[in-house]
Amino acid sequence: MFTPSRTNTSVALALMLSAFFVFPDRGRAQKIDFRNQVLPILKSRCFECHGAPTKTSAGRKKRVKGGLRLDGKGWILLGGDGGKVLSPQDAKRSSLYTRTVLDREDPDIMPAKGKPLSSKETGLLRQWIEQGADFGAWKGDTGAEIPKASSGKNSTKNDSRELIQLLDKLGAKLPFPEQKALIGARDSMGRIVPAIPGSPLLRVDFISKENKIQDVNVEKLASVKGNITQLGLGRTRITDESLKVIGKMSRLTRLDLNNTEISDAGVAHLSPLTELRYLNLYGTSVTNQGLSALSSLSNLRSLYLFETQVTDEGTKQLQTKLPGLKIHLKPDLSSLPTGDGQGRRRRRR
Amino acid sequence: MDKNLLNGLDEVSRRNFLATSAKSLLGMSAMPLFARLASGQTTPGAGLMPATARNVIYLYMSGGMSQLDTFDPKPGEENQGPVKAIPTNVPGVQVSEHFPNMARHMDKVAVLNSMRTTQGAHAQGKYFMHTSYEMRATIRHPSLGAWLNRIDGPSNPTLPGHVAIGNELYGASSGFLESNFSPLPIGDPEAGLQNSTLVKGLTEERFHDRLSRIQKLNAAFVKKYDQKNVRAYSDIYDQAVSLMKSVDLKAFDLKPESEALREAYGKDRFGQGCLLARRLIEHGVRYVEVVSDGWDTHNQNFDELAQKGPALDQTLATLLADLSSRGLLEETLVVVATEFGRTPRITQDRVGRDHFPQAFSCLLAGGGIQGGVKYGRTSNTGEEITKSPVSVPDFNATIAYALGLPLDHILMSPSGRPFTVAHKGRPVKALFS
């Protein structure tokens, strides 16, 4: 069905699209029975590489490919080295399915050996996932070594990294930005990417030609303001004016304003941003006074105030209100060489 | 549809996106991710994974850093020799007495004491450490910086995504990938970027005239041999020209940095190279390697380490403090790597330590890494790993995992052989918080 040739791409696309949009009857379609319809495919085409580790004739243990086992419900939900492979109800985010419908010559296609799955087989897989990936009574291998797998919907749920869990949670029920809104935001000159792959949350950086970026650029992000979670404006020419727009970005977790012209008056606009974890104000003219607006940011973890007017005294109050916050006021360089011979010795060569 | 537009990274919606909206949305520079997908530069299926690190500063201790005299001391053991161990700001973690500054920053660092490699010679060891593949006569493998830029692309389109700083830049390479993924080499960090301005007497107009002549001369060839390696070659011209014109070129200049900070980094190539690395990261260069040479201490190991240890201590502590105070450490992964360790047993005749692939130490800090961690153990004599060995591919997989590079994504060499970013290494996920 999918040939690698470019001329046939549009045909392939039409077929691909039809797979999603021409048969919207997923609710009414006959429910796929895992044991009778899906398991045989896995057994015959997947278990050889993604089953229990076997011994080779030489007696050496044969490693499970990609750290992924498919011979038990627990294993399938757990995923492999590359993360989860199954997102119930979301075939497009389940590599268990997507890897089977790549171009025949794509190096990532599964099964890696032999013929690709037939369109009937991939269709069954897709439908089964779209219907919620019900394993029925089947458990398969229940090796004690399966770590506890969550049955979460998102492919990142199993990631123990806090930052990723947070972004996953914030993006969970959020609609994707409209195409029109994205195109509008693109005019800001920022670099816009998904904050984590597959997420409706956005990361926007103004990293090139910072000295040309002004308040008008930030204004253009208003169309996607609810989707922006990470925003980098370090060293740009923005002013307090931009912070009015930024103060409405309710899902902002990371905001970098280092070395900009902002002041205490602008910082006041940030107080509604309760999801903020990271705020970089280093090199700005913020003073002790400006910090008071930040005491409502109960989730803030890192605050950068190096090269500002803020003093040790000024941070104390904020620190009492936000005990979980780490305030970076000065670099810890107290052991600089002093030229008394105790410092760096001259190297011999 | 809108979901698919953004979710451009999985295969199905990628096609969907290409079919419907690519042409209407080709604002390439503003949407590099989508643009790359549209132009097919990223191989289909290269689904990025969630990342905690965006950038890497990779510090390479060339020659084989002695683990006992740095980050895996064995106080009280005969093999330890004269170097003492000192406590750090993390209970239970000790470093050698050459690292008094780092002792106050170990809460930011994960020490891997159970590194092991299969290579005991320098060239092979460096190659393996950088690429995760053993050296072969028939192919050159890409190093991690090339992989990152190939799969995920640069943050700043006008600067190179991959830079290597130092005298002896062995290992960082684009391998079989297109040559535009090679690191930009910088010998002397204080000299800035060489040959980046127009030759005296050459006007802008004449320069462009020359460029267009080159293009004319090349046109027939490019048309006839329309393949990625040929295109990559002419891309290099375009990249060089855009770099020459880039306002971000100032990233390569150390002069705006205060003298005090330059002193603090250490006024040698490695120290200044680390300062330059920080500037480059700030301006969107994603992978910077800085090489420190001279760690091959077969002779007079303890005299050598008394020089090299404190120098590394000062530079590394300053780098971590500087990155941290500027808010860069959270997304920048700092790596201290070397090709192998050195023999715990001290050679009698030369008071040195020889090559020791069986156990050595590397460091990771920032970029989502849990600090204040000691991972893996070696025995009291230091001669064997007793807990949680980490292979070179595992180590590189850990870096790739932090960067969200898909470990199972296959790139084909021109000869049609499949390769993956860390050669099936498995990330040490316990190091992440």
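The rules behind these values
- Residues numbered from 1 in each chain as written.
- Chains lettered and ligands numbered in written order.
- Predicted model: local features only at pLDDT ≥ 70, side-chain atom pairs only at ≥ 80, totals over all residues.
- Heavy atoms only, no water.
- Helix = DSSP H or I, 4+ residues; strand = E, 2+ residues; numbered from the N terminus.
- Buried < 20%, exposed > 50% of the residue type's maximum accessible area, 1.4 Å probe, protein only.
- Contact = heavy atoms within 4.5 Å.
- Areas by Shrake-Rupley, 256 points an atom, 1.4 Å probe, with all protein chains shown as cover.
- Salt bridge = Lys/Arg side-chain N within 4 Å of Asp/Glu carboxyl O.
- pLDDT = per-residue confidence, 0-100.
- Pairing = 2+ DSSP bridges.
- Phe/Tyr/Trp six-rings, centres within 6.5 Å; stacked < 30°, edge-to-face > 60°.
- Lys NZ or Arg CZ within 6 Å of the ring centre and 35° of its normal.
- 1 Å grid on protein atoms, 1.4 Å probe; cavity = no way out; pocket = protein on both sides within 12 Å on 5 of 7 lines; lining within 4 Å.
- Points joined across faces, edges and corners; volume = space filled by probe spheres on them.
- Nonpolar A, V, L, I, M, F, W, Y, C, P; charged D, E, K, R; others polar.
- Patch = residues over 30% accessible without salt bridge, like charges linked within 9 Å, V, L, I, M, F, W, Y side chains within 5 Å.
- Lys, Arg positive; Asp, Glu negative; His and termini not counted.
- Charge placed at Lys NZ, Arg CZ, Asp CG, Glu CD.
- Core = buried A, V, L, I, M, F, W, Y, C linked by side-chain atoms within 4.5 Å.
- Domains from an automatic or database assignment.

**Looking at the overall build of chain A**
Point 1. Counting secondary structure elements, chain A contains 13 helices and seven strands.
Point 2. Within chain A, buried positions represent 49% of all 349 residues.
Point 3. Restricting to contacts in chain A with at least 6 residues of sequence separation, those with at least 24 account for 56%.
Point 4. Put simply, chain A shows about 17500 Å² of open surface, and 50% of that area lies on carbon and sulfur atoms.

**Remarks on the pattern of salt bridges**
Point 1. The full count for this structure, using the stated rule, is 32 salt bridges over all chains.
Point 2. Glu 210 of chain A is the partner of Arg 235 of chain A in a salt bridge, and the nearest nitrogen-oxygen pair spans 3.1 Å. Of this pair, Arg 235 of chain A sits in the loop between β3 (228-232) and α10 (240-246) while Glu 210 of chain A sits in the loop between β2 (202-205) and α9 (215-219), and the two are 25 residues apart along the sequence.
Point 3. Between Lys 250 of chain B and Glu 210 of chain A there is a salt bridge, with its nearest N and O atoms 3.6 Å apart. Here the residue Lys 250 of chain B occupies a position in the loop between α7 (228-245) and α8 (259-265), and Glu 210 of chain A occupies one in the loop between β2 and α9, the pair thus bridging two chains.

**Quick word on the confidence of the model for chain B**
Point 1. Chain-level pLDDT for chain B is 86 on average; 89% of the residues reach the 70-or-more range.
Point 2. Residue range residues 1-45 of chain B is modelled with pLDDT below 50. Its contacts to residues more than four positions away, or to other chains, number 102 contacts.

**Some thoughts on the pairing of β2 of chain A**
Residues and elements named next belong to chain A.
Point 1. Alternating residues of β2 divide into Leu 202 and Val 204 and Arg 203 and Asp 205, and every residue in both groups is buried.
Point 2. Where strand β1 (residues 191-194) meets β2, four bridges bridge the pair, whose relative direction is antiparallel. Counted as the bridge partner of Val 193 is Arg 203 from β2.
Point 3. Where β2 meets β3, four bridges bridge the pair, whose relative direction is parallel. What sits directly across from Val 204, in β3, is Leu 231.

**A few points about the packing of aromatic side chains**
Residues and elements named next belong to chain A.
Point 1. If you walk through the whole model with that rule in mind, you get 14 aromatic pairs over all chains.
Point 2. Relative to Phe 135, the ring of Trp 128 has its centre 5.1 Å away and its plane inclined at 80°; by these criteria the two rings are edge-to-face.
Point 3. The buried category is assigned to Trp 128, whose relative accessible area is 2%.
Point 4. Residue Phe 135 is classed as buried on the basis of its relative accessible area of 4%.
Point 5. When the ring of Phe 135 is compared with that of Trp 138, the centres are 6.0 Å apart and the planes differ by 20°; the resulting orientation is stacked.
Point 6. Look at Trp 138 and you get buried, because its relative accessible area is 8%.
Point 7. Every member of this aromatic cluster is reached through a ring pair, and the members are Phe 34, Trp 128, Phe 135 and Trp 138.
Point 8. Geometry around Tyr 278 places Arg 254 over its ring, the cationic atom sitting 3.8 Å from the centre.

**A closer look at empty space enclosed by the protein**
Point 1. In total, this model carries eight cavities of 30 Å³ or more according to the counting rule given.
Point 2. In this structure, the largest cavity is lined by 26 residues; those nearest its centre are Asp 205, Ile 207, Arg 254 and Asp 256 of chain A together with Leu 328 of chain B.
Point 3. Secondary-structure elements contributing two or more residues to the lining of the largest cavity are β2, β3, β4 (254-256) and β5 (278-280) of chain A together with α9 (269-282) of chain B.
Point 4. Classifying every residue of the lining of the largest cavity gives seven nonpolar, ten polar and nine charged.

**Things to note about the pairing of strand β4 (residues 109-116) of chain B**
Regular strands show a simple pattern: their side chains alternate between the two faces of the sheet.
All names here are of chain B.
Point 1. Within β4, seven of the eight residues are buried, which leaves it mostly tucked inside the rest of the structure.
Point 2. Judged from the five bridges that link them, β4 and strand β11 (residues 360-365) form a sheet pairing that is antiparallel. From the neighbouring strand, Ala 110 faces β11, where its bridge partner is Leu 364.
Point 3. One ladder, built from three bridges, connects β4 with strand β12 (residues 373-375); its direction is parallel.

**As for the environment of Thr 311 of chain A**
All names here are of chain A.
Point 1. Mapped onto the elements, Thr 311 comes out in the loop between β6 (302-304) and α13 (312-321).
Point 2. With relative accessibility at 35%, the residue Thr 311 sits in the partly exposed group.
Point 3. Separated by 24 residues in sequence, Thr 311 and Thr 287 have C-alpha atoms that sit 7.9 Å apart.
Point 4. Those residues in contact with Thr 311 that sit more than four places away from it in its chain are Asn 288 and Leu 329.

**Here we look at the confidence of the model for chain A**
All names here are of chain A.
Point 1. Across chain A, the average pLDDT comes to 82, with 81% of residues at 70 or higher.
Point 2. Per-element confidence in chain A is highest for β5, whose mean pLDDT is 98, and lowest for helix α1 (residues 9-21), whose mean pLDDT is 42.
Point 3. Low confidence marks residues 335-349, where pLDDT is under 50. Its contacts with residues over four positions away, or in another chain, come to 25 contacts.

**Brief notes about a positive patch on the surface**
Point 1. A cluster of like positive charges, contributed by Lys 62, Arg 63 and Lys 65 of chain A together with Lys 424 of chain B, occupies part of the molecular surface.
Point 2. Position of Lys 62 of chain A among the secondary structure elements: in the loop between α3 (47-50) and α4 (73-78).
Point 3. Overall, Lys 62 of chain A belongs to the partly exposed group, its relative accessible area being 37%.

**Observations concerning the nonpolar core**
Generally speaking, a soluble globular protein has its nonpolar side chains buried in company with each other.
Residue and element names in this part refer to chain B.
Point 1. Membership of the largest hydrophobic core comes to 52 residues, with the highest contact counts inside it found for Leu 59, Met 106, Leu 280, Val 288 and Val 334.
Point 2. The element that contributes the greatest number of residues to this core is helix α10 (residues 301-325), accounting for eight residues.
Point 3. No fewer than three residues from each of domain 1 (55-192 + 253-431) and domain 2 (193-250) sit in this core.
Point 4. Non-local contacts of Leu 59, meaning those with residues more than four positions away in its chain, are made with Phe 270, Cys 274, Val 290, Leu 316, Leu 319, Val 334, Val 335, Val 336 and Ala 337.
Point 5. Listed in part, the 48 residues of the second largest apolar core include Leu 148, Phe 176, Leu 177 and Leu 333.

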